[in-house]
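Residue-level listing of the chains:
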Amino acid sequence: MRVLLTGATGVVGTELVRQLRGALPPSGPTLVRVARRAEDETLVRWRIGAEPAPQALSGHWDVIVHAAATTRWTLGLDEAVAANVEPLRAVLALADRDTHLVQVSTAYVGGVRNPEDLRGAEFEGYRNGYEWSKARCEEVARAEHPGPLTLVRPPLVVGRRGDGEIARFSGPYTLLHALVSGLAAVVVGDPAGYAEISPVDEVAAVIAAAALGAPPPRPRTEVIAGGRGALTLTALLDVICETLNECRTAQGVAPVERPPLVSGDSWDRFFRPLADQFLSPFQSQAVQLLAMFQSYTSMSEPFEPTWTVVDPAAVMAASVRHWAARKPRLALARPEPWTLLAAAAG
């Protein structure tokens, strides 16, 4: 049995390699790992979609786990196609009708689509180019792969449930940085809206189970989410700030204040015009960056999971503690208050 894993050095891929190595016997299936940058000789280097597949990847694959992706939310339409859709097609060229394709997608291809949300009009109602490209990849996989197919849809990914460890800090960790630096003067979103997160080890567990299990007779979709047990935006911020302040207090550092919550409607009607007028370009850029999270932490309805993330508050707390331990200078920083341009000029 031959198993191919793309994106082997990414956030999900790193954890998946750890779990697969623990599950596979020495004489069991062969795991071949692919990455854009080969960090050692055990990895196959392949810039998927930008160059032909290496000779080492020829032959029949029993399972292909396609976890490689560019997750940047600021992708333009052409960038999104080149970064995610074309690489999938390159991977499909390695598969045949007996290859089980496990495609890592995102939970946000489901749920409510709003053409007025961020760049939704450009991306058919999806929030950004990354999300649109993942929806397109699902369509391509269903239409062009002749063999068994499993789609795995995780939400925002944070650290492992037990210790919070994760390969790199990205995505939701931007909010932690913003809180301790003072850039998060306000958080825009629905206080009662759902904020779906999942520990990376549970995402990897779902993918590993699909890869090592029996191929499905028809396309299968796995959704990883908290469902009705997901955190609200208010609860998410409470957990983050309380855990950060536990870490700060233990080091004799003053706590950070939880920023006020402003609804999206109030922000767009009243606060954004003032922000555009009085904030510095750097502050405005920070506001725009944090606004990218608004639609991810303000969902009116949670996802319907096939794998339920229980006690997401404990997951988030473990992730914050691990981040604070790895980034002590950031975690213990003194937030710098914002200074309005008008006040500074006066």
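This text gives an overview of the structure that appears in the document. Everything quoted here is computed from the prediction, not taken from an experiment. (Residues numbered from 1 in each chain as written. Predicted model: local features only at pLDDT ≥ 70, side-chain atom pairs only at ≥ 80, totals over all residues. Heavy atoms only, no water.)

Remarks on the overall build of the protein chain
Short version of the rule: Secondary structure counts use DSSP, requiring at least four H or I residues in a row for a helix and at least two E residues in a row for a strand, with both numbered from the N terminus. Partly exposed describes any residue whose relative accessible area lies between the buried limit of under 20% and the exposed limit of over 50%, with all areas from a 1.4 Å probe on protein chains only and scaled to the type maximum. In what follows, a contact means two residues having at least one pair of non-hydrogen atoms within 4.5 Å. A 1.4 Å probe and the Shrake-Rupley method give the accessible areas. Residues count as covered only by the protein chains that appear here.
Each helix and strand in the protein chain was counted, giving 11 helices and 14 strands. Taken over 346 residues, the protein chain has a buried fraction of 51%. Within the protein chain, contacts between residues separated by at least 24 positions form 82% of all contacts whose residues are at least 6 apart in sequence. Only carbon and sulfur atoms are counted for the fraction: they give 53% of the accessible area of the protein chain, which is about 16000 Å².

Considerations on the environment of D40
As a reminder, the rule being used: For the purposes of these results, a polar contact is taken to be a pair of N or O atoms within 3.5 Å, where, inside protein, one atom must be able to donate a hydrogen and its partner to accept one; residues adjacent in sequence count only when each atom of the pair is a side-chain atom.
With respect to the helices, strands and loops of the structure, D40 is situated in the loop between β2 (30–35) and β3 (43–45). On the basis of relative accessible area, D40 is assigned to the partly exposed category, the value being 32%. Among the polar contacts listed, one links the side chain of D40 to the side chain of T42, at a separation of 2.3 Å.

Here we look at the packing of aromatic side chains
To keep things clear, this is the line we draw: Only rings of Phe, Tyr and Trp enter the pairing, Trp through its six-membered ring, and a pair is recorded when the two centres are within 6.5 Å. The plane angle decides the type: under 30 degrees is stacked, over 60 is edge-to-face, the rest tilted. Sitting over a ring, as applied to charges here, requires NZ of Lys or CZ of Arg to be within 6 Å of the ring centre and within 35 degrees of the ring normal.
Per the stated rule, a full pass over the model turns up 3 aromatic pairs. Relative to F303, the ring of Y108 has its centre 5.2 Å away and its plane inclined at 75°; by these criteria the two rings are edge-to-face. Within this pair, whereas Y108 is found in the loop between β5 (100–104) and α3 (129–144), its partner F303 is found in the loop between α8 (281–291) and β14 (307–308), the two being separated by 195 residues in sequence. Classification of Y108 as buried rests on a relative accessible area of 2%. Summarising the aromatic geometry, the rings of F123 and W132 are spaced 6.2 Å apart at their centres and angled 45° between planes, so their arrangement reads as tilted. Since its relative accessible area comes to 0%, F123 is described here as buried. Across the ring face of W61, the terminal group of R2 is positioned such that the distance to the ring centre comes to 3.7 Å.

Notes on the sheet that holds strand β1 (residues 2–6)
The cut-off we apply is this: What makes two strands pair is DSSP finding at least two bridges between them. Between the N-to-C directions of two axes lies an angle of 0 to 180 degrees, each axis being a line fitted to C-alpha atoms and, for a helix, fitted only over the stretch in contact.
Within the open sheet, the 8 strands sit side by side as β3-β2-β1-β4-β5-β6-β11-β14. Their pairing is parallel. Every other strand in the sheet has two partners, leaving β3 and β14 as the edge strands with one partner each. Where strand β11 (residues 220–225) lies against β14, 2 bridges are found, and the strand directions are parallel. Across the sheet, residue A225 finds its bridge partner in β14, namely T308. Across the sheet, helix α5 (residues 200–212) lies against β4 (63–66), β5, β6 (149–153), β11 and β14, angled at about 165° from β5, the strand it touches most.

Remarks on the pattern of salt bridges
Cut-off, in case you're wondering: A pair is scored as a salt bridge if a Lys or Arg side-chain nitrogen falls within 4 Å of a carboxyl oxygen belonging to Asp or Glu.
Scanning all chains against the criterion turns up 17 salt bridges. R33 serves as the salt-bridge partner of D40, at 4.0 Å between the closest nitrogen and oxygen. On the basis of relative accessible area, R33 is assigned to the buried category, the value being 10%. In this structure, R89 and E86 form a salt bridge, with 3.5 Å as the shortest nitrogen-oxygen distance. Note that R89 and E86 are positioned in helix α2 (residues 77–92) at a spacing of 3 residues, about one turn of the helix. Residues joined in a network through salt bridges with shared partners are E15, R18, R160, D163 and E165.

A few points about the packing of helix α6 (residues 233–250) against helix α9 (residues 312–326)
Counted only if it meets this: Here the angle decides the label: under 35 degrees means roughly parallel, over 145 means roughly antiparallel, 65 to 115 means roughly perpendicular, and every other value means oblique. Here is the rule for handedness: rotate from the far helix to the near one, and if that takes an anticlockwise turn smaller than a right angle the crossing is left-handed, while a clockwise turn gives right-handed. Nonpolar residues are Ala, Val, Leu, Ile, Met, Phe, Trp, Tyr, Cys and Pro. Charged residues are Asp, Glu, Lys and Arg, and all others, Gly as well, are polar.
It is the contact of α6 with α9, at a shortest axis distance of 9 Å, that shows an interaxial angle of 40°. Comparing the axis directions of α6 and α9 gives the class oblique. Of the two possible hands of crossing, α6 and α9 adopt the one that is right-handed. Along its contact with α6, which presents L236, V239, I240, T243, L244, E246 and C247, the element α9 presents A313, M316, A317, V320, R321, W323 and A324. Residues of the contact of α6 with α9, tallied by class, amount to 11 nonpolar, 1 polar and 2 charged.

Focus: α5
Applicable threshold: One less than the residue count of a helix, multiplied by 1.5 Å, gives the span that helix is expected to have.
The terminal C-alpha atoms of α5, which comprises 13 residues, lie 18 Å apart, in line with the 18 Å expected from a rise of 1.5 Å per residue. With 10 of its 13 residues buried, α5 lies for the most part within the structure. Among all positions of α5, only V200, D201, E202, V203, A204, V206, I207, A208, A210 and A211 are buried.

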